[in-house]
Each structure stands twice: as C-alpha cells, then as structure tokens.
Amino acid sequence: MKIFLDYNDKRTKYLHSKLNYLQTLEATNDNYALAEPGDFVVFPPNKKWTDEEINSIPSHVTLFCGKVDNKYNNIFKEKNIKYINFLDDELFAIENARLTAEGVLSIVIERSPKSFLENNILLLGCGRISKMLAKIFLELHINFAIASFNESSFFEAHYFSKNVYLGYNFLKDIQKFDIIINTRPFEFFDEKQISKISSNTLFVETASKDCLNEQLATHFSYIKAPALPQKYCFESASNLLLKKILGEMK
C-alpha cells in the first residue's frame, strides 16, 4: 500500500514520519502514475479543490480530505474513489475545533495591545469553535458574548455565556468589544455594519469564507486566520489525522 500526502501542509507532510513503515509519496501528478488500487491519498481538512486537482486523483484509491463540492460526486463514482471527509467524524471535528480555538488564543495574545484577561470579546456564531472558545473563556473568567443566528443555538449559547445576542442584535453594542472572532462561513456584514466596528477592534476571521469584504476593513485590524491547527499545533493536528486514517485502514 502507498500513501500520497500533501506536502504543502505541515499536518499532512508530518504524516510522512508517522507512516514511514509504509511507502509514502508526495501527492503530485508524477507520483500519481505509481498509484495502484487500494492506495490512499491524504489532504488536510481545509483543502480547497480545483477541477484539475480533482481530475488528477488516481482511480481506485481512498481519498481523505475535508468537504468536497457535490459536483465532484460523479467523478468519484466513475473513478471508483472512496471519499472520506475527516469532518464527517463528529469526534474528529470537535477535537479539530479545540486545536483551532488554541490557535485563536495565540493570535489574540500576540496581536492584542491589552492583557488577555482585560479584553471584552464577541464570538460570532455558536458552532464547535465558538463553544471551545467559550469553555476556555469561562475557565479564565474573561468577559465575552456570543451572537447566535438561529433560535436553537441562541438558547444553547446561554449554557456558555450570560451575554447572548440573537441575530444582528449585537450591532447595537459592537463598539464595546475589543476583539471580535467570527466562526460563520458566510458574508453577512454589509458596508454600513462594518463602519460601526471600532477602530481599536481586533477582528479575527477563522471561517473558510470571509464574513465581510476585506477591502472595507480599513479602520480596524482584520486578521484572516484559516487552518490554525497547521500554524500553531501541526504535530497534534497531524496525530488527529493519523488516528482517523489508521482507523479506516483496519
């Protein structure tokens, strides 16, 4: 069995040292020529695919990565590619969110002019990453609020914070926050709403799609922070990938 790894990402490149008892190769078109039925191809969970890259995946292999557009389903079927989305595994997704939250903390500590404990923080969204951050903030007694965008998560957010907004109600208080952390993969800020953000705000974008037009984020510090487990804890993130891959090998 051969395993083709994406060497452009620290997490998947590190797998080379963990799987050295198998034949591991970089995932390139030249090396794909060596692929045989039953081989594995591994990319990180945040991989963004092009048509060319998808079409280059060898036939009769198992592909590990994150979410892939449904438009590629027919290609996988025609080429007999077994597709495994790391993030479909809820335990994997939770642990990956924890590592992402740790990366967010690193950015805040590095970039905020205030003591971490003195900041007032707004979490946009109430998914896994926000919940992990909320848990950490509670333990550290940090002031924070959560903006939830549907009723079910709005009520759930009250388990984590006394300060919870539903929908865009957070806008009336947005200038009070030193740090805003977005976890929602949608563009939901318009120009008028962006103008309300304080010039002293540190805005951390963790989502796969920006929540605002970056060109309009000129009066505050806007930091795009994708793939944080690769940047701040790639070894731990790689071990998380390894556990999932070995589980599938069995």
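These numbers come from a predicted model, not from an experiment.

Caption draft 1: Seen up close, the nonpolar core. Ranked by size, the top nonpolar core spans 29 residues in total, and within it Ile 121, Leu 123, Leu 133, Phe 137 and Ile 181 carry the most contacts. When residues of this core are traced back to their parent elements, those giving at least two are α5 (90–111), β6 (120–124), α6 (128–140), β7 (143–148), α7 (151–157), β9 (179–182) and β10 (202–205). Not counting the four nearest positions on each side in its chain, Leu 133 is found in contact with Ala 101, Val 104, Leu 105, Leu 123 and Ile 181. Core analysis: the second largest hydrophobic core is formed by 20 residues, Ala 147, Leu 171, Ile 194 and Tyr 222 among them.

Caption draft 2: Structural context of unusual backbone geometry. Of note, His 60 is a non-glycine position whose phi angle comes to about 60°, a positive value. Judged by relative accessible area, which is 40%, His 60 ranks as partly exposed. Its identity is not glycine, yet Ala 227 carries a phi of approximately 50°, on the positive side. In this structure, Ala 227 sits in the loop between β11 (221–224) and α9 (228–232).

Caption draft 3: Spotlight on the packing of aromatic side chains. Tallied over the full model, the rule gives 21 aromatic pairs. Between the aromatic rings of Phe 154 and Phe 155, the centroid separation amounts to 5.3 Å while the plane-to-plane angle is 65°, which identifies the pairing as edge-to-face. You can call Phe 155 exposed: its relative accessible area is 53%. Ring plane angle 40° and centroid distance 5.9 Å describe the contact between Phe 203 and Phe 220, whose orientation is recorded as tilted. Of this pair, Phe 203 sits in strand β10 while Phe 220 sits in the loop between β10 and β11, and the two are 17 residues apart along the sequence. Chaining the aromatic ring pairs together yields one cluster made of Phe 149, Tyr 168, Phe 170, Phe 188, Phe 189, Phe 203, Phe 220 and Tyr 222. One Lys or Arg, Lys 47, reaches over the ring of Trp 49 and ends 5.2 Å from the middle of that ring.

Caption draft 4: Inspection of the packing of α5 against helix α10 (residues 234–249) at higher detail. Relative to each other, α5 and α10 sit at 175°, their axes nearing to 10 Å. Considering their axes alone, α5 and α10 lie roughly antiparallel with respect to each other. Along the contact surface, α5 presents Phe 92, Glu 95, Asn 96 and Leu 99, while α10 presents Ser 236, Ala 237, Leu 240, Leu 241 and Lys 244. In terms of residue class, the contact of α5 with α10 is built from 5 nonpolar, 2 polar and 2 charged.

Rules used in this analysis
- Residues numbered from 1 in each chain as written.
- Predicted model: local features only at pLDDT ≥ 70, side-chain atom pairs only at ≥ 80, totals over all residues.
- Heavy atoms only, no water.
- Core = buried A, V, L, I, M, F, W, Y, C linked by side-chain atoms within 4.5 Å.
- Buried < 20%, exposed > 50% of the residue type's maximum accessible area, 1.4 Å probe, protein only.
- Helix = DSSP H or I, 4+ residues; strand = E, 2+ residues; numbered from the N terminus.
- Contact = heavy atoms within 4.5 Å.
- Phe/Tyr/Trp six-rings, centres within 6.5 Å; stacked < 30°, edge-to-face > 60°.
- Lys NZ or Arg CZ within 6 Å of the ring centre and 35° of its normal.
- Axes fitted to C-alpha atoms, helices over the stretch in contact; angles between N-to-C directions.
- Parallel < 35°, antiparallel > 145°, perpendicular 65-115°, else oblique.
- Nonpolar A, V, L, I, M, F, W, Y, C, P; charged D, E, K, R; others polar.

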